[in-house]
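Close look at the chain arrangement
Chain by chain, the residues:
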Amino acid sequence: MRERDEFESSEGLRALLERLAAQDHGAWRHDREAEALMAHVVKRYAKLARKHGLDPWDAGAAAFDAMRSAAVRNADDPWAVVTRAVQVTMIAEERANGLLCSVYQARRPEFSTFHDPERFSDRENPLSDYHPALRVESFGDYDEAEDPQEGTGIVEAVESAIAFLTLLGWPRTPARTAMEYVCARLSEVSSRATAWESLRRDIHGRTLLDLSSTSWNGLLRAVLGNPEPEVARTTAGRGILLRLLIGEPLRSLLTDDDLVLAVSLSAPAEKARQ
């Protein structure tokens, strides 16, 4: 049975950390006991790291950051504090990898509650079959004898919306990426108005899409419609996506001068090729 190192006990760890803190900045790099401590830390937290899909040295880096703080040296049980710090960091690292954001953002509740990104087209069942945000009552007189399948499917509606944007000056890749992002948010909330308000405040998402606030807000107003209650039942209030879903053809949208102008003005400028 191997002999335990002194730093494997809480008091031994405290003594080592206090000694390293009292030395110059090169102590961690050149001290043999510090080297042994890091090897022990990597082995100690290897299972925890793999549980979250990470490398054991990721856990070692998290432990290293924690052990340099005064909070660990002054704690009643230094090892308990290090373990908890590593656990929290591993959870944040896993969420950051899933959310495609920084670890700092993944630690914040307003980001960590989101689900991992997914393509709108990856869903097995069309979103319009079950999500209330994409269900609408018919407007005007409706002949019950008519075929109820006249409405455009969600996939066709999204593709038509992307085509509409590209016809009015939006580059195809930003148009498709932005539409997928908007549709993904629609799947998470109960109404278009809620999605509009959530996306309007989503600075992180706008930054990821590399859109200016003018382009972003113009896109949201065009795709989801004007959220003001007094225009809810007008073409301006319904938005491109809803109008396509209830069967309005793309050519009809192109005759809406106000919509065409708004979408054209919000189109982002294509960056010059390197």
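Computed from a predicted structure; not experimentally measured.

**With respect to the environment of Ala161**
- With respect to the element layout, Ala161 can be found in helix H10 (residues 154-167).
- C-alpha of Ala161 to C-alpha of Ala175: the two residues are 14 residues apart in sequence and 8.9 Å apart in space.
- Sequence-distant contacts of Ala161, defined by excluding residues within four places in its chain, comprise Met179, Ile240 and Leu244.

**So, the environment of Ser266**
- Relative to the helices and strands, Ser266 is located in helix H17 (residues 257-266).
- Sequence-distant contacts of Ser266, that is, excluding residues within four places in its chain, are made with Trp170, Thr214, Ser215, Gly218 and Leu219.

**A closer look at the nonpolar core**
- Of all hydrophobic cores here, the largest spans 35 residues; its most connected members are Phe164, Met179, Trp216, Leu224, Ile240, Leu241 and Val263.
- Those elements that place two or more of their residues in this core are H10, helix H11 (172-186), helix H12 (192-200), helix H14 (213-224), helix H15 (235-245) and H17.
- In this structure, Val263 is in contact with Phe164, Leu165, Leu168, Trp170, Ala222 and Ile240, ignoring residues within four places of it in sequence.
- Judged by nonpolar contacts, the second largest core, of 25 residues, contains Leu20, Ala49, Ala59 and Trp79.

**With respect to H14**
- When the terminal C-alpha atoms of H14 are compared, their 16 Å separation across 12 residues agrees well with the 16 Å that a helix rising 1.5 Å per residue should span.
- Check the buried side of H14 and you find it contacts H10, H11, H12, helix H13 (203-209), H15 and H17.
- Just beyond H14, the residue with positive phi is Gly225, at close to 95°.

**Some words on helix H1 (residues 10-22)**
- Here H1 is 13 residues long and its end C-alpha atoms lie 18 Å apart, about the 18 Å a rise of 1.5 Å per residue gives.
- For H1, the full list of buried residues reads Ser10, Gly12, Leu13, Arg14, Leu16, Leu17 and Leu20.
- Considering only its buried residues, H1 is in contact with helix H2 (27-30), helix H3 (32-44), helix H5 (56-67), helix H6 (70-73) and helix H7 (78-99).

The rules behind each value
- Residues numbered from 1 in each chain as written.
- Predicted model: local features only at pLDDT ≥ 70, side-chain atom pairs only at ≥ 80, totals over all residues.
- Heavy atoms only, no water.
- Helix = DSSP H or I, 4+ residues; strand = E, 2+ residues; numbered from the N terminus.
- Contact = heavy atoms within 4.5 Å.
- Core = buried A, V, L, I, M, F, W, Y, C linked by side-chain atoms within 4.5 Å.
- Buried < 20%, exposed > 50% of the residue type's maximum accessible area, 1.4 Å probe, protein only.
- Expected span 1.5 Å × (residues − 1).

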